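Residues per chain are reported as follows:
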Amino acid sequence: ILQERQVDVFHHMGGVLLSSKLTPIDASSAMWAMAKTSYALDRGIFDFLAESLASKGILENSTTRQVSQALWACGKMVAFENPMMNAMAVVQGRSVNTDCYDVDNEME
């Protein structure tokens, strides 16, 4: 039931995230939340957030923490998109730890 609520929340927030003028904290926090909860159903929203944060005006006003949270989220979402990446890394003897930067208590 929690997963259903999560889908409902992200579904309703999607329209807000796509229509709002986002600040760096808005974009990076939404990206972080989507990645942390493994919510990959609306990749278009995630991609929009990433493109928004990467735009010159927003990126120039972002803190190092906001950029690092967004980059962590991108890495986590790539792992969802391509599970073979993790399997290949293990075969090649590399350790892939997508939880190496956990920002549970780091949100501003």
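This section reports on the structure supplied with the text. (Residues numbered from 1 in each chain as written. Predicted model: local features only at pLDDT ≥ 70, side-chain atom pairs only at ≥ 80, totals over all residues. Heavy atoms only, no water.)

## Details of a nonpolar patch on the surface
So, step 1. Residues Val9, Met13 and Val16 make up a contiguous nonpolar surface patch of about 240 Å² in total accessible area.
So, step 2. Among the structural elements, valine 16 can be located in helix H1 (residues 2–19). (Patch = residues over 30% accessible without salt bridge, like charges linked within 9 Å, V, L, I, M, F, W, Y side chains within 5 Å. Areas by Shrake-Rupley, 256 points an atom, 1.4 Å probe, with all protein chains shown as cover. Salt bridge = Lys/Arg side-chain N within 4 Å of Asp/Glu carboxyl O. Helix = DSSP H or I, 4+ residues; strand = E, 2+ residues; numbered from the N terminus.)

## Let's talk about helix H2 (residues 24–36)
So, step 1. Here H2 spans 18 Å end to end across 13 residues, near enough to the 18 Å set by a 1.5 Å rise per residue.
So, step 2. Among the residues making up H2, those that are buried are Pro24, Ala27, Ser28, Ser29, Ala30, Met31, Trp32, Met34 and Ala35.
So, step 3. Note on H2: the residue one or two positions beyond its end, serine 38, has a positive phi of about 60°. (Expected span 1.5 Å × (residues − 1). Buried < 20%, exposed > 50% of the residue type's maximum accessible area, 1.4 Å probe, protein only.)

## A word on the pattern of salt bridges
So, step 1. One pass over the full model with this rule turns up 1 salt bridge.
So, step 2. Arginine 43 is paired through a salt bridge with aspartate 47; the nearest N and O atoms lie 3.8 Å apart. Taken together, the residues arginine 43 and aspartate 47, both in helix H3 (residues 43–54) and 4 residues apart, mark about one turn of the helix.

## Topic: the environment of threonine 37
So, step 1. As for its position among the elements, threonine 37 is in the loop between H2 and H3.
So, step 2. Given a relative accessible area of 34%, threonine 37 falls into the partly exposed group.
So, step 3. In this structure, the C-alpha to C-alpha distance between threonine 37 and glutamine 6, residues 31 residues apart in sequence, is 8.3 Å.
So, step 4. Residue contacts for threonine 37: discarding those within four places in its chain leaves Gln6 and Phe10.
So, step 5. A polar side-chain atom of threonine 37 sits 3.4 Å from the main-chain carbonyl oxygen of methionine 34. (Contact = heavy atoms within 4.5 Å. Polar contact = N/O pair within 3.5 Å; in protein donor to acceptor, adjacent residues only side chain to side chain.)

## So, the environment of isoleucine 45
So, step 1. Relative to the helices and strands, isoleucine 45 is located in helix H3.
So, step 2. Residues isoleucine 45 and methionine 31, 14 residues apart in the sequence, show an inter-C-alpha distance of 9.0 Å.

## Thoughts on the nonpolar core
Generally speaking, nonpolar side chains in soluble globular proteins are found buried as a group.
So, step 1. If you look at the biggest cluster of nonpolar residues, it comprises 19 residues, and the most contacted ones within it are Leu17, Met31, Met34, Phe46, Leu49, Leu53 and Ala73.
So, step 2. For this core, the elements supplying multiple residues, two or more each, are H1, H2, H3 and helix H5 (64–81).
So, step 3. If one sorts the elements of this core by residue count, H2 sits on top with 6 residues. (Core = buried A, V, L, I, M, F, W, Y, C linked by side-chain atoms within 4.5 Å.)

## What about the packing of H2 against H3?
So, step 1. Contact geometry for H2 and H3: axes closest at 9 Å, N-to-C directions at 145°. Here H2 and H3 pass one another in a crossing that is left-handed. For the pair H2 and H3, the contacting residues are Pro24, Ala27, Ser28, Ala30, Met31 and Met34 in the first and Ile45, Phe46, Leu49, Ala50 and Leu53 in the second.
So, step 2. By residue class, the composition of the contact of H2 with H3 is 10 nonpolar, 1 polar and no charged. (Axes fitted to C-alpha atoms, helices over the stretch in contact; angles between N-to-C directions. Left-handed = near helix turned anticlockwise from the far one by under 90°. Nonpolar A, V, L, I, M, F, W, Y, C, P; charged D, E, K, R; others polar.)

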